[in-house]
Amino acid sequence: MHHEHFTSYESVKGSSEQSFGFLFGVIFVGIGLQPVLHQGELRLSSLSTGLALLLVAKFRPRLLQAPNRYWLMLALMLSRIMNPLITGLLFLCVVMPTSLLLRLMRKDVLRLRFDSRAETYWIQREVPGPPPKSMTNQF
């Protein structure tokens, strides 16, 4: 039995319509102004879209309710696809090669191998700090 519930029905709260409009407005204004940095012409369509989004976000944010909801749905769908892919890639590119390398070098990092000559598997260690007897009357 797994300890995680993969069929979770938790509600995800998206951003407000106003912040959604401001974010995309700034992005579109940036796209519209970007060619100016390289001595190009303004992208008027992106600039006007961005300015319109900024005005709508400021004065009529309710108009952005549907686009904000669809954006959230797209983000949730992408997260269901990308999270397992990225986790799988991390496993295949980091964990598995590290494991194979350690096995090739015959390393037992977790000390899991059976040692018939060992009396015990306890690891003796030196405790740092003051001696334990000096801590009898702490309070």
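Right above here is the structure, for reference.
About the thresholds
Residues numbered from 1 in each chain as written. Predicted model: local features only at pLDDT ≥ 70, side-chain atom pairs only at ≥ 80, totals over all residues. Heavy atoms only, no water. Helix = DSSP H or I, 4+ residues; strand = E, 2+ residues; numbered from the N terminus. Buried < 20%, exposed > 50% of the residue type's maximum accessible area, 1.4 Å probe, protein only. Core = buried A, V, L, I, M, F, W, Y, C linked by side-chain atoms within 4.5 Å. Contact = heavy atoms within 4.5 Å. Phe/Tyr/Trp six-rings, centres within 6.5 Å; stacked < 30°, edge-to-face > 60°. Axes fitted to C-alpha atoms, helices over the stretch in contact; angles between N-to-C directions. Parallel < 35°, antiparallel > 145°, perpendicular 65-115°, else oblique. Left-handed = near helix turned anticlockwise from the far one by under 90°. Nonpolar A, V, L, I, M, F, W, Y, C, P; charged D, E, K, R; others polar.

A. Fine view of unusual backbone geometry. The phi dihedral of Gln 39 falls on the positive side, at around 55°, and the residue is not glycine. When you line up the elements, Gln 39 lands in the loop between helix 1 (17-33) and helix 2 (44-59). Positive phi, close to 55°, is recorded for Arg 106, a residue that is not glycine. Overall, Arg 106 belongs to the exposed group, its relative accessible area being 67%.

B. Structural context of the nonpolar core. Judged by nonpolar contacts, Phe 20, Phe 24, Leu 53, Ala 57 and Leu 64 together constitute the single largest core of five residues. Contributions of two or more residues to this core are made by helix 1 and helix 2. Contact partners of Phe 20, with chain neighbours within four places excluded, come to Ser 15, Leu 64, Pro 67, Asn 68 and Trp 71.

C. Representation of the packing of aromatic side chains in the model. Tallied over the entire structure, the rule returns two aromatic pairs. With centroids separated by 4.8 Å and ring planes inclined at 50°, the aromatic side chains of Phe 20 and Phe 24 adopt a geometry described as tilted. Of this pair, Phe 20 and Phe 24 both sit in helix 1, four residues apart, roughly one helical turn. A ring pair is formed by Phe 24 and Trp 71, whose centres lie 4.8 Å apart and whose planes are at 85°; its orientation type is edge-to-face. Here Phe 24, found in helix 1, pairs with Trp 71, found in helix 3 (residues 65-104); they are 47 residues apart in sequence, far enough to count as distant. Under the relative-accessibility criterion, Phe 24 is labelled buried at 15%.

D. Inspection of the packing of helix 1 against helix 2 at higher detail. Where helix 1 meets helix 2, the closest approach of the two axes is 7 Å, and the angle between their N-to-C directions is 160°. By the angle class used here, helix 1 and helix 2 are roughly antiparallel. For the element pair helix 1 and helix 2, the recorded crossing hand is left-handed. Facing Gln 18, Gly 21, Phe 22, Phe 24, Gly 25, Val 26, Phe 28, Val 29, Ile 31, Gly 32 and Leu 33 of helix 1, the residues of helix 2 in contact are Ser 46, Leu 47, Thr 49, Gly 50, Leu 51, Leu 53, Leu 54, Ala 57 and Lys 58. In terms of residue class, the contact of helix 1 with helix 2 is built from 12 nonpolar, seven polar and one charged.

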